[in-house]
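Single-letter residue listing:
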Amino acid sequence: MSAIRTLVVDDEPLAREGVRLRLARDPAFEIVGECANGVEAVDAILDLAPDLVFLDVQMPGLSGFEVLEEVGGASLPAVVFVTAYDQYALRAFEVHALDYVLKPFDDERFAATLQRVRGRVAERRAGRLGERLSGLLGELSSGGIGSGNGGGEGGGARRSFPDRLVVRDATKIAFVPVAELDWVEADGDYMRLHCSGKSHLVRRTMAQMEQRLDPDRFVRIHRSTIVNLDRVRELRPTFNGEYVVHLHDGTKLKLSRGYRKRLQTLLEETL
């Protein structure tokens, strides 16, 4: 198996150093980055696509739980929680086949964790770990551990999606409720979120944004545009056989031919 690409996330420099030094003893692990808070972690996970994240549970800004919610099930790596959390939470991690290490670190326990991680990463590479992590997010939502959107695990369970998106700028971290999102457009290396006349920039690709939004509510109508179906007032054909999507707030968006079929399916209408 190729080296396990690992991201270390903790707001305490000494804790990051402790993880880093222990990982350096094992050639099976390659550290690809370090983050000091949850917002940095979300960006790093989406940009670096690590196999494994050592993730602190309690951090300012975004907790470890909120990092998982923001990244979403489709993009989640294997996770080892770094925590001093109570035993109830630890039992929940174990039920979902996730691992944890307690602060201060114990070398024997840490080595045992790395041994188990190899199997978890093999599962992720086989495409199975995302289902288990999605199960944890469902329990976080329904069982009082942290906060998040609904969902769960089990046969036929519907994939869960976040109910808010993280937006940060030089002065603050804000949370935009997904229910308030009208439409989204690509803007260079960013995505611009349009909400009730206001806009916010987030560092995402179009593909990453599609993974974060419920496809039954949000549909891509152009290579650079996603729209909330609840905001669509009407579709108007143009002289060349294409359509313009009119939103309730007066916004007009182009529907590209290549994305017409998906919209037809959701609207149950032939265009």
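Residues numbered from 1 in each chain as written. Predicted model: local features only at pLDDT ≥ 70, side-chain atom pairs only at ≥ 80, totals over all residues. Heavy atoms only, no water.

Visitor: Give a detailed account of the overall build of the chain, specifying residues and quantitative values.
Guide: Along its length, the chain carries eight helices and 15 strands. Put simply, 54% of the contacts in the chain that link residues at least 6 apart link residues at least 24 apart. (Helix = DSSP H or I, 4+ residues; strand = E, 2+ residues; numbered from the N terminus. Contact = heavy atoms within 4.5 Å.)

Visitor: So, the pattern of salt bridges: which residues are in play, and what are the values?
Guide: Applying the stated criterion across every chain yields a total of 18 salt bridges. Here K254 makes a salt bridge to E242, at a shortest N to O gap of 3.7 Å. Here K254 is found in strand β15 (residues 252–255), whereas its partner E242 is found in the loop between β13 (232–237) and β14 (243–247), with 12 residues between them in sequence. One network of salt bridges, in which partners are shared, links D10, E12, D56 and K103. (Salt bridge = Lys/Arg side-chain N within 4 Å of Asp/Glu carboxyl O.)

Visitor: Summarise the sheet that holds strand β11 (residues 218–222); cite the residues concerned and give the values.
Guide: Overall, antiparallel pairing links the five strands, which are arranged β10-β9-β8-β12-β11 in an open sheet. Both outer strands of the open sheet, β10 (198–202) and β11, are each paired with one neighbouring strand and no more. On average, each strand axis in the sheet is inclined to that of its neighbour by 25 degrees, with strand direction left out of account. In this structure, β11 lies alongside strand β12 (residues 225–228), joined through four bridges in antiparallel fashion. Each bridged residue has a counterpart across the sheet, and for H222 the counterpart in β12 is T225. (Pairing = 2+ DSSP bridges. Axes fitted to C-alpha atoms, helices over the stretch in contact; angles between N-to-C directions.)

Visitor: Describe the pairing of strand β3 (residues 52–56), naming the residues involved and giving the relevant values.
Guide: Most of β3 sits out of view: five of its five residues are buried. Burial of the side chains of β3 extends over both faces: L52, F54 and D56 are buried on one face and V53 and L55 on the other. Across four bridges, the pairing between strand β1 (residues 4–9) and β3 is parallel. Considered in β3, the bridge of V9 is made with L55. (Buried < 20%, exposed > 50% of the residue type's maximum accessible area, 1.4 Å probe, protein only.)

Visitor: Can you explain the sheet that holds β14? Please cite residues and give values.
Guide: Overall, antiparallel pairing links the three strands, which are arranged β13-β14-β15 in an open sheet. Edge positions in the sheet fall to β13 and β15, since each has one partner strand and no second. This sheet shows a mean twist of 30 degrees between the axes of neighbouring strands, independent of strand direction.

Visitor: I'd like a description of the nonpolar core, backed by residues and values.
Guide: Among the nonpolar cores identified, the biggest contains 23 residues, and L7, V9, L55, V67, V71 and F81 are the most heavily contacted of them. Of the residues forming this core, the biggest block, six residues, is contributed by helix α2 (residues 38–48). In contact with L7, other than residues within four places in its own chain, are V32, G33, E34, C35, A41, A44, I45, L48, P50, L52, V53 and F54. Counting 16 residues, the second largest nonpolar core, distinct from the first, contains L23, F54, V101 and V121. (Core = buried A, V, L, I, M, F, W, Y, C linked by side-chain atoms within 4.5 Å.)

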